[in-house]
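# Summary of structural features
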Amino acid sequence: MANITVGLIPSPDMPHKMINKIYDDLPKEIRHHTGKNDEWHFEKHIASIVGTAEHMDKAMDIATNMKKQKEWDYAICITDLPNLSNNKTVVCDIDIANQIALISLPALGAINLKQKLRHFISSVIQYMNSNGSDTTLFNRRHFKLTKFKTVIPNEEDKNKNHIRIISTSPLLGWLHLISGMTFANEPWSTIFDFKKIISVSFATGTYISIFSTPWDISLDYNYWRFVLLMLLSIFGMVGWLIYSYHLWEVKNPKTQKLYRYIYNFTTLTTLTMITLFNFITLFILLTISTLLFVPPDLFSNWTSLGSKQPTVVNYINLIWFITSLGILAGAMGSTVENADKIKRATYSFRQYYRNKQLEQENDDDYSGDEESTRYAGRKQTHREEEE
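Rules and cut-offs
Residues numbered from 1 in each chain as written. Predicted model: local features only at pLDDT ≥ 70, side-chain atom pairs only at ≥ 80, totals over all residues. Heavy atoms only, no water. Helix = DSSP H or I, 4+ residues; strand = E, 2+ residues; numbered from the N terminus. Buried < 20%, exposed > 50% of the residue type's maximum accessible area, 1.4 Å probe, protein only. Contact = heavy atoms within 4.5 Å. Areas by Shrake-Rupley, 256 points an atom, 1.4 Å probe, with all protein chains shown as cover. Phe/Tyr/Trp six-rings, centres within 6.5 Å; stacked < 30°, edge-to-face > 60°. Lys NZ or Arg CZ within 6 Å of the ring centre and 35° of its normal. Axes fitted to C-alpha atoms, helices over the stretch in contact; angles between N-to-C directions. Parallel < 35°, antiparallel > 145°, perpendicular 65-115°, else oblique. Left-handed = near helix turned anticlockwise from the far one by under 90°. Nonpolar A, V, L, I, M, F, W, Y, C, P; charged D, E, K, R; others polar. Pairing = 2+ DSSP bridges. Salt bridge = Lys/Arg side-chain N within 4 Å of Asp/Glu carboxyl O. Core = buried A, V, L, I, M, F, W, Y, C linked by side-chain atoms within 4.5 Å. pLDDT = per-residue confidence, 0-100.

### A word on the overall build of the protein
- Tallying secondary structure elements over the protein gives 15 helices and eight strands in all.
- Looking at the 387 residues of the protein, the share that counts as buried comes to 52%.
- When contacts within the protein are restricted to residue pairs at least 6 apart in sequence, long-range pairs at least 24 apart make up 76% of them.
- For the protein, the accessible surface area stands at approximately 18,500 Å², while carbon and sulfur atoms represent 55% of it.

Set out below in structure tokens:
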């Protein structure tokens, strides 16, 4: 029975949070996969390793040095940066000779992420432990639609020491990547930074709801108009946030075109999710106020309903209508509570921030003291920055 130590190097924020969730389960998972009674020990070391996706090739060398310094048997980096190869999504890079792996967390998608990451880490360790003899480890029950294949990124590597695991389907690979990056941005964490917009939207919606004209309009509108108005309000807010806070990354010699497209699209999906959460919040608040301000009898007498009593559908249509107008007015008439948090929801800003941290902390030099190494390149989380 051997004592084996595995070093886990998660980036701050989402990778670190996901590792914390599965950390205690990993030894049992590894023993189950390998079928051996070896003693598996895991150690965590939080570090960004590299600041940008364009420098992902340096991560393996940095991790190798860290592994030697820490005297680990295996080392696995988990990053929240995208990794692409020939326009295909890279899930993992594995250096069998040095027993090093680099996992791109967004490539695993946003659904069942904890189970997928736990499975993938155990599969990578098992793959390295078997010296690359089993390539079927990565296609298991947690990946029902997505299939993976191994490729050799360097054709000159005749010994196949470095292999790369990519998604065989470009479409599914990209869908997983964008959804995973959106999930890593944690759009739900910024809901409370929209208090001003929600307040203005609620005030606007409440004011509109006391007049009978919106009631009549909501009775006559077709559903495609409701949907169009809702989309206009949501993307109106998204566009306003991007314009107001300069969240769209423009052409930059430091960022490759493909990655720039990915970051901007992820910014769009993240802000859309944030706005949807706020739309639902406002819908609930206006439901309460509408039921108070618009009693059934008044709704009937002041609209074309006449003697008919309004139905639940009539009320839903009315609330839907005033919520869309309220969101649109709130977006144009107010600002968010904390602009920095909105900026941190974009990968371009996060990369800029981490690059600065990496330059200051000199993350390449792991021979320094423990504390500077531990937090090299670290991007503060929302809670830490507030403290």
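### As for the packing of aromatic side chains
- Summed over the entire model, instances satisfying the criterion amount to 14 aromatic pairs.
- Ring geometry for Trp215 and Trp302: centres 5.6 Å apart, planes at 25 degrees, overall stacked. Within this pair, whereas Trp215 is found in helix α7 (residues 212-220), its partner Trp302 is found in the loop between α10 (296-301) and α11 (312-333), the two being separated by 87 residues in sequence.
- Where Tyr223 meets Trp320, the ring centres are 6.2 Å apart and the plane angle is 40 degrees; that geometry is what we call tilted. Residue Tyr223 is located in helix α8 (residues 223-244), and its partner Trp320 is located in helix α11; the two are separated by 97 residues in the primary sequence.
- Classification of Tyr223 as partly exposed rests on a relative accessible area of 46%.
- Judged by relative accessible area, Trp320 falls into the buried class, the value being 17%.
- Each member of the aromatic cluster is reached from another via a ring pair, and the members are Tyr221, Tyr223, Phe226, Trp320 and Phe321.
- Between Arg225 and the ring centre of Tyr221, over which it is positioned, the NZ or CZ distance is 5.9 Å.

### Some points on the packing of α8 against helix α9 (residues 257-293)
- Two elements in contact, α8 and α9, have axes separated by 9 Å at closest approach and are oriented at 125 degrees. Viewed along their axes, α8 and α9 adopt a mutual orientation that is oblique. In the packing of α8 onto α9, the handedness of the crossing is right-handed. Taking contact as the criterion, the partners of Met230, Ser233, Ile234, Phe235, Met237, Val238, Leu241 and Ile242 in α8 are, on α9, Leu268, Leu271, Thr272, Thr275, Leu276 and Phe279.
- When grouped by side-chain class, the residues that make up the contact of α8 with α9 number 11 nonpolar, three polar and no charged.

### Focus on the pairing of strand β1 (residues 3-10)
- Among the eight residues of β1, seven are classified as buried, and the element is accordingly described as predominantly covered.
- Summarising the sheet, β1 and strand β2 (residues 39-44) pair through six bridges and their orientation is parallel. The residue of β2 that forms the bridge with Gly7 is Glu43.

### Structural notes on the pairing of strand β6 (residues 100-104)
- Burial analysis of β6 places five of its five residues in the buried class, which makes it a mostly covered element.
- Burial along β6 is two-sided: the face carrying Ile100, Leu102 and Ser104 and the face carrying Ala101 and Ile103 are both buried.
- Looking at chain direction, strand β3 (residues 74-79) and β6 are connected through five bridges and run parallel. If you follow Cys77 over to β6, its bridge partner there is Leu102.
- Here strand β5 (residues 88-95) runs beside β6; their pairing, made up of four bridges, is antiparallel. The partner of Asp93 across the bridge, within β6, is Leu102.

### Describing unusual backbone geometry
- Although it is not a glycine, Glu71 adopts a positive phi angle of roughly 60 degrees.
- Of note in this structure, Asn87 is not a glycine but carries a positive phi near 65 degrees.
- Looking at the element boundaries, Asn87 is found in the loop between β4 (84-85) and β5.
- For Asn87, a relative accessible area of 48% puts it in the partly exposed group.

### Some details on the pattern of salt bridges
- Using the criterion set out here, one finds four salt bridges in the structure.
- Asp25 is the salt-bridge partner of Arg118, the closest N and O atoms lying 3.9 Å from each other. Of this pair, Arg118 sits in helix α4 (residues 113-129) while Asp25 sits in the loop between α1 (14-22) and α2 (26-34), placing them 93 residues apart in sequence.
- The exposure class of Arg118 is buried, given its relative accessible area of 16%.
- Ionic pairing is found between Arg118 and Glu29, a salt bridge with its closest N-O pair at 3.6 Å. With Arg118 in helix α4 and Glu29 in helix α2, this residue pair connects regions lying 89 residues apart in the sequence. Assigned by exposure class, Arg118 and Glu29 land together as buried.
- One network of salt bridges, in which partners are shared, links Asp25, Glu29 and Arg118.

### Description of the nonpolar core
- Core analysis: the biggest nonpolar cluster contains 35 residues, and Leu8, Ile76, Ile94, Leu117, Phe120, Ile121 and Val124 have the highest contact counts within it.
- The element that contributes the greatest number of residues to this core is α4, accounting for eight residues.
- The next biggest cluster of nonpolar side chains, apart from the first, holds 33 residues, and it includes Phe226, Leu241, Leu305 and Ile327.

### Topic: the confidence of the model for the protein
- Of all residues in the protein, 81% attain a pLDDT of 70 or more, and the chain-wide mean is 80.
- Taken as a whole, residues 363-387 scores under 50 in pLDDT and shows 55 contacts with residues more than four places along the chain or in a different chain.

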